[in-house]
Amino acid sequence: MERISKFQLAMMIILFQIGSTPLFALGGKAKQDSWLAMLAAAICGLFLLLMFLFIQRRAPDKDLIGLLRLCFGNIIGNFLGAAFVLYFAYESMRNVRDFGEITTITLLTSTPQLVIMLIVVVLAAYAICMGIEAFCRVVEILTPIVICSYSALVILIFSSNLVKLDRLLPIMENGPVPVLKAAFPDIVSFPFGQTVVFFMLYKLLYNKKKFCRVSMIAYSSVALFLILMNMLDMMVLGPTLSGESTIPFLQAVQLIQVGDFLERLDVFVTLLLFLGLYVKLTMFYWASAYGLAELLGTKSKLPIYGVGAVIFATSFLEPDYTYHVWLGIEVSVKFFPIFQVLIPLMMFVAILIRKPHSPPPLADTKSNNIMGEETIG
Amino acid sequence: MLIKLRILTKSFPILLLCTLLTGCWDRTELNKIGITSATSIDWVNNHWQVSYQLVIPQSISSQSAMGTSNQQAPVMVFSTVGDSIQTAIQRASLEMPRTLFFAHNRVMIIGEDAARKGIGQLIDNYLRSATSRETVSVLITRGTGRKILEQLVPMEKIPGAAIQNMLLNEDKHNSDLKQVMVYQLAMSMSGDSGYSTVPEIFIAGRGVESTNVEELKSTKAETKLKMGRLAVFKKDQLIGWLSLNDGFGINWIMNRIDQTVLFFSCTPGSKHVQSAVHIIHAKTRLKPTQQNGQWVMKADVQATAQLIENGCDIDPSKREGIKALEKLANHAVTTSMQDALRSTQAMKADVLGFATSIHKKDPKAWKQMKENWDEIFPQIPLETTVNISIERLGMSSKSFVDILKGKQE
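Cut-offs and rules
For every chain, the first residue of the written sequence is number 1, and numbering continues from 1 along that sequence. By the order in which they are written, chains take letters starting at A while ligands take numbers starting at 1. In keeping with the predicted nature of the model, local features appear solely for residues at pLDDT of at least 70, side-chain atom pairs appear and are counted solely at 80 or more, and the whole-chain, interface and lining totals rest on all residues. The basis for the side-chain values is all heavy atoms of the structure; hydrogens and waters are excluded. Numbering goes from the N terminus for both helices and strands, where a helix is a DSSP run of H or I of at least four residues and a strand is a run of E of at least two. Atoms counted for the radius of gyration: C-alpha only. Globule rule: 2.2 Å times the number of residues to the power 0.38. Three labels apply to residues, based on accessible area from a 1.4 Å probe with only protein chains included: buried if under 20% of the type maximum, exposed if over 50%, partly exposed otherwise in between. Any pair of residues with heavy atoms lying within 4.5 Å of one another is described as a contacting pair. Simply put, the buried area is the total loss of 1.4 Å probe accessible area from both parts when two parts are fitted together. The salt bridge criterion pairs a side-chain nitrogen of Lys or Arg with a carboxyl oxygen of Asp or Glu, the two atoms within 4 Å. N or O atoms within 3.5 Å of each other form a polar contact, as long as, within protein, one can give a hydrogen and the other can take it, and as long as residues adjacent in sequence are counted only when both atoms are side-chain atoms. Amino acids outside the nonpolar list (Ala, Val, Leu, Ile, Met, Phe, Trp, Tyr, Cys, Pro) and the charged list (Asp, Glu, Lys, Arg) are all regarded as polar, and Gly is one of them. In this analysis, a patch consists of residues with relative accessible area above 30% that form no salt bridge, clustered at 9 Å for like charges and at 5 Å for the nonpolar side chains Val, Leu, Ile, Met, Phe, Trp and Tyr. Surface exposure here means Shrake-Rupley accessible area, sampled with a 1.4 Å probe, where a residue is shielded only by the protein chains that are shown. In this tally, Asp and Glu contribute negative charge and Lys and Arg positive charge; neither His nor the terminal groups of the chain are included. All charge positions are set by atom: Lys at NZ, Arg at CZ, Asp at CG, Glu at CD. Stacked, tilted and edge-to-face pairs are distinguished by plane angle, under 30 degrees for stacked and over 60 for edge-to-face with tilted covering the rest, among Phe, Tyr and Trp rings (Trp via its six-membered ring) whose centres lie within 6.5 Å. A ring has a charge above it when a Lys NZ or an Arg CZ is no more than 6 Å from the ring centre and no more than 35 degrees off the ring normal. Pairing between strands requires that DSSP locate at least two bridges from one strand to the other. To qualify as a nonpolar core, a set must consist of buried Ala, Val, Leu, Ile, Met, Phe, Trp, Tyr and Cys residues joined through side-chain atoms within 4.5 Å. Domain start and end points were adopted from an automatic or database domain assignment.

Some words on the overall build of chain B
Here is step 1 of the chain: The helix and strand tally for chain B stands at 14 helices and 13 strands.
Here is step 2 of the chain: The C-alpha atoms of chain B give 27 Å as radius of gyration, which overshoots the globular expectation for 409 residues (22 Å, by more than 25%).
Here is step 3 of the chain: With respect to the principal axes defined by its C-alpha atoms, chain B has extents near 105 × 65 × 60 Å.
Here is step 4 of the chain: For chain B, the proportion of its 409 residues judged to be buried stands at 46%.
Here is step 5 of the chain: Here the analysis covers contacts within chain B between residues at least 6 apart in sequence; of these, 70% occur between residues at least 24 apart.

Here it is in structure tokens:
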């Protein structure tokens, strides 16, 4: 049985949530109020996380599949579990495609996307084969690098005098409706609602004391960071440019000119993008493969290769970038809430109803037994 | 056997990645690219004509810096024509041994015809491309942009870089004209009023244009590059010109003054300039207010200055003297701001950012005014309060002219 520490969990939440988020203009529909939309979505995401944590606390030794079985019985549980496996694979596939598209747009214009995506999928598969522990250690190492690079870029943006606070004005000129429209369900489902994937991770914690608090602190700080990054894009580029730009943060960084030599730092952004996307796609990939293994009751590594192959293959299904974005923004957000909100909500209700039958300590011992069997088997 | 299999499965990804990560598809050889230091765009016979100023590496390397009599020109200029900008750029491969590389492009010169036609497409090119930068400075010229690229600049090897440095020098030390970069232009064009300004560059002087290295051997140049007026754009189209003085006033209104020299006469209203102060730090707060249903812009200027020239009959070492000089300086700034306002209002072109500040202050009122803003803008008065404090007098106090007069008496 693999184990991870709470610190690793916190780092994982931070890097996973950062992912590729600071690079995109989330809530562009709300123009200069996009940061308010982010804020609204982040608060909503916080409540979602609270709900997830509440569910998890009832049965700390179960992962998502186990929880689904616990809540809805084996048959429905397995069915929903399979749906989640597909959902995770789909999310991972989207990140793989993002990775391919963005590399092609920014750095390697003539390299075939196949190669770029193959590299990243092989890397992810490799990390997962090494086990989630190894992957968590990777994240532990990467997080400080990512944080330092972002801070360096932010400092440089400020020191090249690009930030104009008044670009955030006027606040809510069309009332709160556009803000809320931008926030729900789009920003909730990407990135804040994606914390649902951590259902797969919690049971691996060494020490389950205070894991709720750790998750909340990590989540809140990263949400704050994302909102500030969104504000920064807006303050540098203004609503029109930042809304129309594919990667506003890259655009903002391209404008840095400090002392005639600190210019053209695009490559930092691209590296940050790679790190973030890699962590995100690997996490989803792992969740999907791990969930599949559990559904099938196998310990072999075949699900890893299988899921990897599926992710790699499906990432070619979308014909172009516009379709990719359209699918992400128009279609996916319609069904993401099923996994991020609806099913967890049903689990929440189910677990509340089941409370008298299996109070937490009992559930613990029971699940321990199950887990014990699993480890033996 | 099992161990061997594991080694095999583990080494497989490593081998695969090693071969793929060489990244041979996007390799760029330094000696296969032609670095452009400036580009220009013209609209000739209903086609875009794009001109490039290519740096010739061997002639700017330090070995040849001393120069021999048959020195090669540091840059070469050529043009391509096409229906769209990218078509034109693509045609460059018909006549160039190297692929064009735009990441070091410093300035973009737009010919007047192209500017009147509209440069939206050009800006789209910049925003879309990952290699060309949005920090490129934009300049407008009366004739064709190509002429500007052909001009050599004494003291600097690469004319493109020289033009940008010229602009930065003006931006930093004089503030009549401000550098406008592509992203700033894109922002102001898509802003609330949709009007923006771009500095002009032109070839001053008559005679042979310095397109030959031989020209640089003389101590005087018959022609040189110079910056002039301010081009006014409505959305992406050139609609008119403002003078350099208007530019100065506009920069005061828009809080874009860094350092500058402010000239003033000894009596308010007179055009006879006799004294000057060096503005060290300036800040303008522009505030829209509503008075009896009429919008009024209030500009509050705070600046600190140092006296650098005193031709007036005023003794600045006395407190009243300083006050009098400050008053004259205040008056000069007020006049230049009001002049600029009159010129822009005559053009009905809100390059001053009034629209944006009203939008920010009162979004609801802005929604009603938005449609006929071009009609409302000329009616808006500007109330100014200027407060320049002359903090230092330099190394001398009384005007030397005054001292001489005293001697005579």
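Here we look at the interface of chain A and chain B
Here is step 1 of the chain: The partner chain B presents 24 residues to the 32 residues of chain A that form the contact.
Here is step 2 of the chain: Summed over both sides, the interface between chain A and chain B buries roughly 2700 Å², with carbon and sulfur atoms accounting for 61% of that surface.
Here is step 3 of the chain: The interface formed by chain A and chain B holds two salt bridges in total.
Here is step 4 of the chain: For B:K360, the salt bridge identified is with A:D166, shortest N-O distance 3.6 Å.
Here is step 5 of the chain: Seen at the junction of chain A and chain B, the total is six residue pairs in polar contact (both at pLDDT 80 or more).
Here is step 6 of the chain: Mapped onto the side of chain A that touches chain B, the elements with two or more residues apiece are helix 3 (64–106), helix 4 (113–130), helix 7 (211–244) and helix 8 (248–254) of chain A.
Here is step 7 of the chain: If one sorts the elements of the side of chain A that touches chain B by residue count, helix 4 of chain A sits on top with seven residues.
Here is step 8 of the chain: Residues that form the side of chain A that touches chain B fall into these classes: 17 nonpolar, 10 polar and five charged.

Points about a positive patch on the surface
Residue and element names in this part refer to chain B.
Here is step 1 of the chain: Taken together, the side chains of K283, R285, K287, K298 and K361 define a basic patch exposed on the protein surface.
Here is step 2 of the chain: No other element matches the three residues that strand 11 (residues 273–291) contributes to the positive patch.
Here is step 3 of the chain: With respect to the helices and strands, K298 occurs in strand 12 (residues 294–309).

What about the packing of aromatic side chains?
Here is step 1 of the chain: For the coordinates displayed, the defined rule picks out 31 aromatic pairs over all chains.
Here is step 2 of the chain: When the ring of A:F54 is compared with that of A:F348, the centres are 5.2 Å apart and the planes differ by 65°; the resulting orientation is edge-to-face. Taken together, the positions of A:F54 in helix 2 (residues 34–58) and A:F348 in helix 11 (residues 321–354) put the pair 294 residues apart, joining distant regions of the chain.
Here is step 3 of the chain: Classification of A:F54 as partly exposed rests on a relative accessible area of 29%.
Here is step 4 of the chain: By relative accessible area, which is 24% here, A:F348 ends up partly exposed.
Here is step 5 of the chain: An angle of 65° between the planes, with centres 4.9 Å apart, marks the rings of B:W43 and B:W48 as edge-to-face.
Here is step 6 of the chain: Its relative accessible area of 2% is what places B:W48 among the buried residues.
Here is step 7 of the chain: Taken together, the ring pairs in this structure connect A:F16, A:F84, A:Y87, A:F88, A:Y90, A:F198, A:F284, A:F335, A:F336 and A:F339 into an aromatic cluster.
Here is step 8 of the chain: Over the ring of A:F16 we find A:K280; its NZ or CZ atom is 5.3 Å from the centre of that ring.
Here is step 9 of the chain: Note that B:K117 overlies the ring of B:W43, its terminal NZ or CZ placed 4.5 Å from the centroid.

Comments concerning the pairing of strand 1 (residues 33–44) of chain B
Residue and element names in this part refer to chain B.
Here is step 1 of the chain: Counting buried positions along strand 1 yields nine of 12 residues, so the element is predominantly enclosed.
Here is step 2 of the chain: With three bridges joining them, strand 1 and strand 4 (residues 99–101) adopt parallel strand pairing. Its bridge partner being in strand 4, I35 is matched across the sheet by F101.
Here is step 3 of the chain: Looking at chain direction, strand 1 and strand 2 (residues 47–55) are connected through eight bridges and run antiparallel. Bridge pairing in strand 2 places W43 opposite W48.
Here is step 4 of the chain: Connecting the antiparallel pair strand 1 and strand 2 is a turn made up of two residues, with N45 showing a positive phi of about 45°.
Here is step 5 of the chain: Where strand 1 meets strand 5 (residues 107–111), four bridges bridge the pair, whose relative direction is parallel. Bridge pairing in strand 5 links I41 to I110.

Concerning the side chain of A:T282
Here is step 1 of the chain: Following the sequence through the fold, A:T282 ends up in helix 9 (residues 266–296).
Here is step 2 of the chain: Discounting chain neighbours no more than four positions away, the residues touching A:T282 are A:A124, A:A127, A:I128 and A:F135.

So, the nonpolar core
Here is step 1 of the chain: Core analysis: the largest hydrophobic core is formed by 169 residues, its most contacted members being A:F88, A:F198, A:L201, A:F249, A:M347 and B:I110.
Here is step 2 of the chain: In terms of residue count, helix 7 of chain A provides more of this core than any other element does, 17 residues in total.
Here is step 3 of the chain: Sequence-distant contacts of A:M347, that is, excluding residues within four places in its chain, are made with A:I55, A:L64, A:L67, A:L68, A:C71, A:F72 and A:F199.
Here is step 4 of the chain: In this structure, B:C312, B:I314, B:W366 and B:V386 belong to the second largest nonpolar core, which totals 63 residues.

Some points on the domain arrangement of chain B
Many structure descriptions define interface size as the accessible area lost when the parts assemble.
Residue and element names in this part refer to chain B.
Here is step 1 of the chain: What the domain assignment lists for chain B is domain 1 (29–60 + 69–242) and domain 2 (244–409).
Here is step 2 of the chain: In this structure, domain 1 and domain 2 have C-alpha centres spaced 32 Å apart.
Here is step 3 of the chain: With 21 residues of domain 1 at the interface, the matching set in domain 2 holds 25 residues.
Here is step 4 of the chain: Carbon and sulfur atoms make up 55% of the surface buried where domain 1 meets domain 2, a total of about 1800 Å² over both sides.
Here is step 5 of the chain: By the criterion of area lost to domain 2, the three top residues of domain 1 are D192, Y195 and L242, representing 35% of everything that side buries.
Here is step 6 of the chain: Taken together, the connections running from domain 1 to domain 2 amount to two salt bridges.
Here is step 7 of the chain: Between K234 and D374 there is a salt bridge, with the nearest N and O atoms lying 3.5 Å from each other.
Here is step 8 of the chain: One can count 12 residue pairs in polar contact (both at pLDDT 80 or more) joining domain 1 with domain 2.
Here is step 9 of the chain: Those elements that place two or more of their residues in the side of domain 1 that touches domain 2 are helix 7 (159–173), strand 7 (195–204), strand 8 (224–234) and strand 9 (237–242).
Here is step 10 of the chain: When its residues are assigned to classes, the side of domain 1 that touches domain 2 shows seven nonpolar, eight polar and six charged.

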